[in-house]
Amino acid sequence: MFSSERRLIVVVGLCCVFLALLGYAWKQRTAIPYVTVPLEQVTTPFTYGASRFLGNIHTGIAVIDTAINGTKEMDAIREENAQLQQRVTNYDEVVSENMRLRQLLSFQNSHPQFDMMAASVVTRDVGTWTNTFTIDRGSADGLEVNMAVVIPGGVVGFISDVYTHSARVQTILDPRTAIGVIVQRPESRVASIVKGNGSNPDEPLLVNVARDGDVLNGDTLITSGYGGIYPKGLLVGHVTRIDNDSEGFVKNAVVQLSADLRNVEEVFVILRSREGELDKPSLTPRLVPQTQRDQVEGVKGASQQ
């Protein structure tokens, strides 16, 4: 045991002496060239290799650091770009909403004869035999069945079902819907009905017009006021094509609606109309003597004073 410890002590001592000699020789390399020159020749390849190795490591670390920083910068740029895109989207949405609300306000101001309530579309139910949507107003807001629904572009439909805080609107495109209309052209004033078309939902029809009825392509159709749902004079659409019935007694016309029902987002519900009614003369029926009945035109047995 003691011999191994002595050997270790000797080896360590010799290493220390050797290192001390190397350090002294390195410090005196200019004074002792016969020692330093061979030493430099021996150590130069290792020093050069170590320097290149450390340089490559430093370069690699710099490249990795640059890549990491570049990735962080790209992520920051992408995040900033996404935020800018979202801001642009929000701005465009605000502008679009502002335009729609300005149109609604202008429509409301131009129709002071109506008490109207604005509502937003929340769901849609569009199919071959149905065309309805749900709005966020209901009986709690004063809505009732059969109230007319309009937008600045024209007539949309009517309220078919009412719930506490929502209501279902049945549009003109629904095949179950029929609206009384009049051709607005003064020379015509033909009255008929616009119905939804189940065969082609995008083309409602002006139906059962007499063959000699004065209806032309491009004629504007407005509500007639018949039926008690839609006030008279609301814009419905325009005639785009006239088709004669196969039997030739009546003709139908394809109508292009003035209201864009596919993209409607806000609507007006007409709660009531304040349009003045024409004064109707009071009629007092009186019996006509038996001997004069054959000379009376109109309702038998009565005439007006």
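Residues numbered from 1 in each chain as written. Predicted model: local features only at pLDDT ≥ 70, side-chain atom pairs only at ≥ 80, totals over all residues. Heavy atoms only, no water.

With an unreviewed UniProt entry as reference, the chain is termed Cell shape-determining protein MreC, source organism Veillonella seminalis ACS-216-V-Col6b. Its UniProt record, at the heading Function (unreviewed entry), says of the chain: "Involved in formation and maintenance of cell shape." Regarding the chain, the UniProt comment filed under Sequence similarities (unreviewed entry) reads as follows: "Belongs to the MreC family." (UniProt positions renumbered as here; feature names shortened; annotations may be inferred.)

Colleague: Where do I start with the overall build of the chain in this structure?
Modeller: A tally of regular secondary structure across the chain gives two helices and 14 strands. Taken over 305 residues, the chain has a buried fraction of 28%. When contacts within the chain are restricted to residue pairs at least 6 apart in sequence, long-range pairs at least 24 apart make up 54% of them. Element-wise, carbon and sulfur atoms account for 56% of the exposed surface of the chain, whose accessible area totals about 20600 Å². (Helix = DSSP H or I, 4+ residues; strand = E, 2+ residues; numbered from the N terminus. Buried < 20%, exposed > 50% of the residue type's maximum accessible area, 1.4 Å probe, protein only. Contact = heavy atoms within 4.5 Å. Areas by Shrake-Rupley, 256 points an atom, 1.4 Å probe, with all protein chains shown as cover.)

Colleague: When you look at the pattern of salt bridges in this model, what are you seeing that I'm missing?
Modeller: Side chains that differ in charge, positive against negative, can pair when their charged atoms come close. Counted under the stated rule, the structure contains eight salt bridges. The salt bridge involving Arg176 is made with Asp174; its shortest N-O contact spans 2.8 Å. With its nearest N and O atoms 2.9 Å apart, the salt bridge here joins Asp219 to Arg185. Taken together, the residues Asp219 in the loop between strand S8 (205-210) and strand S9 (220-223) and Arg185 in the loop between strand S6 (178-183) and strand S7 (191-195) connect sequence positions 34 residues apart. Note on accessibility: Asp219 and Arg185 belong to one class, buried. Salt bridges here are not isolated pairs; linked through shared partners, they connect Arg185, Asp214 and Asp219. (Salt bridge = Lys/Arg side-chain N within 4 Å of Asp/Glu carboxyl O.)

Colleague: How should I be thinking about the pairing of strand S12 (residues 266-273) in this particular structure?
Modeller: Both faces of the sheet carry side chains from a regular strand, because those side chains alternate between them. Alignment of strand S1 (residues 114-126) against S12, held across seven bridges, turns out to be antiparallel. Opposite Ala119, over in S12, you have Val267 as the bridge partner. Bridge analysis of strand S3 (residues 148-151) against S12 gives two bridges, and the strand direction is antiparallel. Bridge pairing in S12 links Val149 to Val269. (Pairing = 2+ DSSP bridges.)

Colleague: In this structure, what is going on with the environment of Gln113? I would like to understand it.
Modeller: Tracing the backbone shows Gln113 in the loop between helix H2 (33-110) and S1. Exposure remark for Gln113: the relative accessible area of 23% places this residue in the partly exposed category. Distance in space between the C-alpha atoms of Gln113 and Arg272 is 8.6 Å, their sequence separation being 159 residues.

Colleague: What am I meant to see in the sheet that holds S1 here?
Modeller: In sheet architecture, strand pairing relies on hydrogen bonds along the backbone and comes in two forms, parallel and antiparallel. An order of S1-S2-S5-S4-S3-S12 is seen for the six strands of this closed barrel, with the pairing classed as antiparallel. Between one strand and the next, the sheet's axes are offset by a mean angle of 45 degrees, whatever the strand orientation. Here strand S4 (residues 154-162) pairs with strand S5 (residues 167-171) via five bridges, running antiparallel. Looking at S5, one finds that Asp161 is bridged to Arg168. (Axes fitted to C-alpha atoms, helices over the stretch in contact; angles between N-to-C directions.)

Colleague: How should the pairing of S3 be read in this particular structure?
Modeller: Of the two faces of S3, the one carrying Ala148 and Val150 and the one carrying Val149 and Ile151 are both buried. In this structure, S3 lies alongside S4, joined through four bridges in antiparallel fashion. Looking at S4, one finds that Val150 is bridged to Val155.

Colleague: Would you mind going over the nonpolar core with me for this structure?
Modeller: The nonpolar side chains of a soluble globular protein tend to be buried, and buried together. Residues Ile135, Leu206, Leu221 and Val267 are the most contacted members of the largest nonpolar core, which totals 46 residues. For this core, the leading source of residues is S1, giving five residues. Setting aside residues up to four positions removed in sequence, Leu206 forms contacts with Val181, Ser192, Ile193, Val194, Val215, Leu221, Val239, Lys251, Asn252, Ala253 and Val255. (Core = buried A, V, L, I, M, F, W, Y, C linked by side-chain atoms within 4.5 Å.)

Colleague: Any chance you could explain the side chain of Thr220 here in plain terms?
Modeller: Following the sequence through the fold, Thr220 ends up in strand S9. At 3.4 Å, the side chain of Thr220 forms a polar contact with the side chain of His238. Non-local contacts of Thr220, meaning those with residues more than four positions away in its chain, are made with Ile182, Val183, Gln184, Leu235, Gly237 and His238. (Polar contact = N/O pair within 3.5 Å; in protein donor to acceptor, adjacent residues only side chain to side chain.)

Colleague: Explanation requested: the sheet that holds strand S10 (residues 235-244) in the structure shown.
Modeller: The six strands lie next to each other as S6-S7-S8-S11-S10-S9, forming a closed barrel whose pairing is antiparallel. Each strand axis lies, on average, 40 degrees off the axis of its neighbour in the sheet, ignoring direction.

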